[in-house]
Amino acid sequence: MTEQLTMNRVIHAAVRRDLDRLADALGGMADGDLPRAQALDRAYRNLRTELTHHHEGEDTHIWPMLASVGVDRGLLAAMESEHHAMAEALAGTATAMAAVAAGGSAADAAAARESLLRTREVVERHLRHEEDELEPQLAPHLDGPEWKAVEKKLSRQPLPVAGRFFAWLTDGMTDEHRAFLKKTVPTPVVAVLSRTFGRRYYRDVAPAWR
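Let us look at the structure shown here. None of these values were measured; they are calculated from a predicted model.

1. With respect to the packing of aromatic side chains
One pass over the structure, following the stated rule, counts three aromatic pairs. Ring plane angle 70 degrees and centroid distance 5.0 Å describe the contact between Phe-165 and Phe-166, whose orientation is recorded as edge-to-face. Phe-166 matches Phe-165 in its accessibility class, with the two residues each being buried. Each ring, one from Phe-165 and one from Trp-168, has its centre 6.1 Å from the other, and the planes form 50 degrees; the classification is tilted. Placement of both Phe-165 and Trp-168 in helix α6 (residues 159-170) is noted, with a separation of three residues, approximately one turn of the helix. In this pair, the class of Phe-165 matches that of Trp-168, namely buried. The ring of Tyr-202 has Arg-195 sitting right over it, with the charged end atom 4.2 Å from the ring centre.

2. Here we look at the layout of surface pockets
Considering only enclosed or pocket space, the largest pocket measures out at about 1,300 Å³ in volume. Lining the largest pocket are 42 residues, with Met-7, Asn-8, Ile-11, Trp-147 and Leu-154 sitting closest to its centre. Sorting the residues of the lining of the largest pocket by element identifies α1 (7-27), α2 (34-68), α4 (106-138), α5 (145-155), α6 and α7 (175-184) as the ones contributing at least two each. At 10 residues, α2 tops the list of elements feeding residues into the lining of the largest pocket. Residues that form the lining of the largest pocket fall into these classes: 19 nonpolar, 11 polar and 12 charged. Asn-46, Arg-164, Arg-200, Tyr-201 and Asp-204 are, among the 15 residues lining the second largest pocket, the residues nearest its centre. Going through the elements one at a time, α2, α6, α8 (187-197) and α9 (199-204) are the ones with two or more residues in the lining of the second largest pocket. Across the lining of the second largest pocket, the residue classes tally to five nonpolar, four polar and six charged.

Conventions adopted
Residues numbered from 1 in each chain as written. Predicted model: local features only at pLDDT ≥ 70, side-chain atom pairs only at ≥ 80, totals over all residues. Heavy atoms only, no water. Phe/Tyr/Trp six-rings, centres within 6.5 Å; stacked < 30°, edge-to-face > 60°. Buried < 20%, exposed > 50% of the residue type's maximum accessible area, 1.4 Å probe, protein only. Helix = DSSP H or I, 4+ residues; strand = E, 2+ residues; numbered from the N terminus. Lys NZ or Arg CZ within 6 Å of the ring centre and 35° of its normal. 1 Å grid on protein atoms, 1.4 Å probe; cavity = no way out; pocket = protein on both sides within 12 Å on 5 of 7 lines; lining within 4 Å. Points joined across faces, edges and corners; volume = space filled by probe spheres on them. Nonpolar A, V, L, I, M, F, W, Y, C, P; charged D, E, K, R; others polar.

The analysis is restricted to geometry; functional conclusions fall outside its scope.
Now the structure itself:
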């Protein structure tokens, strides 16, 4: 059975994509390649920023809305707890990535990769839990006024934040997800935001994947 695409799942796919790309890149990094090490650290820091921003939006806007329409508070508490676990894992990997960026050694890259793989497990458990258990409870409310109000709040982002987000989201996006995004956000809006206000992403982060 084909899974129903949502913007949440498209964002999750971008998170998974970057975690996989980082794991592969760290595994193949040459000893002493400091520019490569620093590029991967920038890519990781960008991923951490995007994932943290995504979860802060859920904590601030989505979970309270779901609680107000009767979604099980125990499930919402589990979601929040998983966010805390991810934040701790991401912080630990950030320390490991900073060590790679500072020295560029293959040994530090290997240690950072092990940390990243552990973090990926923590992140994947939450993403799958959210997709399997929480999204079905959200689905009946997607046309309701409560959700529309949440969407409006989530869309109010400073232009540099929105630009970086769309530049990151679309970098390596699958055709299926690109088609979904096109139906959800007008293509000219995505293009202007990403190319104009997401320029720093293309300059500082995207080269890590080339």
